[in-house]
Amino acid sequence: MAFVGMKHPVWAPIREEIEGQPVVYDTGLVIGEAISADVTFTRSNNPLYADDKLSESDNSITGGTVSLTVNEIEDATLAKIMDMGVGADGEYEETSNPSPYGGLGYMRARRKKGKTTYTAMWLHKVQLGITSETATTKGEQIDYQTPTLEGNMMGVVNDSDMKTKYRSRKTFETEAEAIAWLDAKAKVVSA
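K.L.:
Give a description of the pairing of strand β7 (residues 61–70) that names residues and reports values.
P.N.:
Extensive coverage of β7 is indicated by the burial of seven of its 10 residues. Pairing geometry for β7 and strand β12 (residues 148–154), over six bridges, is antiparallel. The residue of β12 that forms the bridge with T65 is N152.

Right under this line is the structure:
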């Protein structure tokens, strides 16, 4: 199988998180048009040696990072993701407020033996922000400058099995089904 595309990045703020119960999200939004997403899981690497050999090993997920690049992010969208202040005159201000926790999702198209299916990914709890910004003057050719949101991924205990979960994924036959699943997770309201 090979993944051949990505689209529809969505985000929703967490309204309530109670251990052992589903996470409750507020109304979410589509962030922009997707360019790339990089998810890196942090794993415990804790070997136990006995009788001069590896006897046991723990390779469980302990967290992770995410980096999401999109074509652009509207000011109002960025303000929600980063908890930016908005003045009476409509001026957005980056503050020392921590970014809120939220869920993040996107869809990947994959092709196997000539058939395309669509895998939707949902990261249960992330904290995103823009950590750096580069501005470049226009030269002989346009140098597209696109924003990247980066942040930490955390686990949630969202049901009675009491296991920490980081990401859900589901594969669909159609793109529309995958997008509908993501919109339901993020409570995205259609325009």
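K.L.:
Lay out the pattern of salt bridges with the relevant residues and their values.
P.N.:
Under the defined criterion, the tally for this structure stands at six salt bridges. Ionic pairing is found between D159 and K165, a salt bridge with its closest N-O pair at 2.9 Å. The salt bridge involving K165 is made with D161; its shortest N-O contact spans 2.9 Å. When its relative accessible area of 22% is taken as the criterion, K165 is described as partly exposed. Residues participating in the shared-partner salt-bridge network are D159, D161 and K165.

K.L.:
Help me get a handle on the layout of surface pockets, residues and values and all.
P.N.:
Taken as a whole, the largest pocket encloses approximately 380 Å³ of empty space. Looking at the lining of the largest pocket, the elements with two or more residues in it are α1 (75–82) and β12. Across the lining of the largest pocket, the residue classes break down as four nonpolar, six polar and three charged. Considered as a void within the structure, the second largest pocket measures approximately 170 Å³ in volume.

What counts, and where the lines are drawn
Residues numbered from 1 in each chain as written. Predicted model: local features only at pLDDT ≥ 70, side-chain atom pairs only at ≥ 80, totals over all residues. Heavy atoms only, no water. Buried < 20%, exposed > 50% of the residue type's maximum accessible area, 1.4 Å probe, protein only. Helix = DSSP H or I, 4+ residues; strand = E, 2+ residues; numbered from the N terminus. Pairing = 2+ DSSP bridges. Salt bridge = Lys/Arg side-chain N within 4 Å of Asp/Glu carboxyl O. 1 Å grid on protein atoms, 1.4 Å probe; cavity = no way out; pocket = protein on both sides within 12 Å on 5 of 7 lines; lining within 4 Å. Points joined across faces, edges and corners; volume = space filled by probe spheres on them. Nonpolar A, V, L, I, M, F, W, Y, C, P; charged D, E, K, R; others polar.

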